[in-house]
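Geometric and topological summary
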Amino acid sequence: MSKLIPQEYDEVILKTGEEVCLMDQLDETHFLPDYGVETPEQEEKTMAMIPISIDDIEKVIRRPKRVR
């Protein structure tokens, strides 16, 4: 099975072990992550809107079905 290349709206696991959703793809290798809002720490990270690199991503765990 080939490794999925991260895309906008995928849910991924970062190399830090955190699970995030890739909300906006900024360029070929950078995304704005959504860490969630279950804890104040998650909400703070999400609201900071600090881009992550494709190199920060361990693997894609879920990809939404695309509607055409």
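To be clear, the structure that these remarks concern was listed above.
Residues numbered from 1 in each chain as written. Predicted model: local features only at pLDDT ≥ 70, side-chain atom pairs only at ≥ 80, totals over all residues. Heavy atoms only, no water.

1. Overview of the side chain of Asp10
How we decide: Comment: elements are numbered from the N terminus, with helices defined as DSSP H or I runs of at least four residues and strands as E runs of at least two. Polar contacts here mean pairs of N or O atoms no more than 3.5 Å apart (in protein, one a potential hydrogen donor and the other a potential acceptor; neighbouring residues in sequence count only if both atoms are side-chain atoms).
Of note, Asp10 is situated in the segment before strand S1 (11-14). Among the polar contacts made by the side chain of Asp10, one reaches the side chain of Arg63 at a distance of 2.6 Å.

2. Notes on the side chain of Thr46
Where we set the bar: Summary of the burial criterion: residues with accessible area below 20% of their type's maximum are buried, those above 50% are exposed, and those between are partly exposed, where the area comes from a 1.4 Å probe applied to protein chains only. The contact rule is simple, with two residues in contact once any of their heavy atoms fall within 4.5 Å.
Within the secondary structure, Thr46 sits in helix H1 (residues 40-48). Residue Thr46 is classed as buried on the basis of its relative accessible area of 15%. Separated by 3.5 Å, the side chains of Thr46 and Asp34 make a polar contact. If we skip the residues at most four places from it in the chain, Thr46 touches Pro33, Asp34, Tyr35 and Gly36.

3. Some words on the nonpolar core
Counted only if it meets this: Here the nonpolar core consists of buried residues drawn from Ala, Val, Leu, Ile, Met, Phe, Trp, Tyr and Cys, with membership extended through side-chain atoms lying within 4.5 Å.
Of all hydrophobic cores here, the largest spans nine residues; its members are Val12, Leu14, Val20, Leu22, Phe31, Tyr35, Ile52, Ile57 and Val60. Of all the secondary-structure elements, those providing two or more residues to this core are S1, strand S2 (19-25) and strand S5 (57-62). What Val12 contacts, discounting residues up to four positions off in sequence, is Glu18, Glu19, Val20, Leu22, Ile57, Lys59, Val60 and Ile61.

4. Looking at the pairing of S2
This is how it is decided: Strands were regarded as paired on the criterion that DSSP finds at least two bridges between them.
Pairing analysis gives three bridges linking S1 to S2, with the strands arranged antiparallel. For Ile13, the partnering residue across the bridge sits in S2 and is Glu19. Hairpin connection of S1 to S2: four residues between the antiparallel strands, including Gly17 at a positive phi of 95°. Sheet analysis places S2 next to strand S3 (residues 30-34), joined by four bridges and oriented antiparallel. What sits directly across from Gln25, in S3, is Phe31. The hairpin turn running from S2 into S3, its antiparallel successor, is four residues long.

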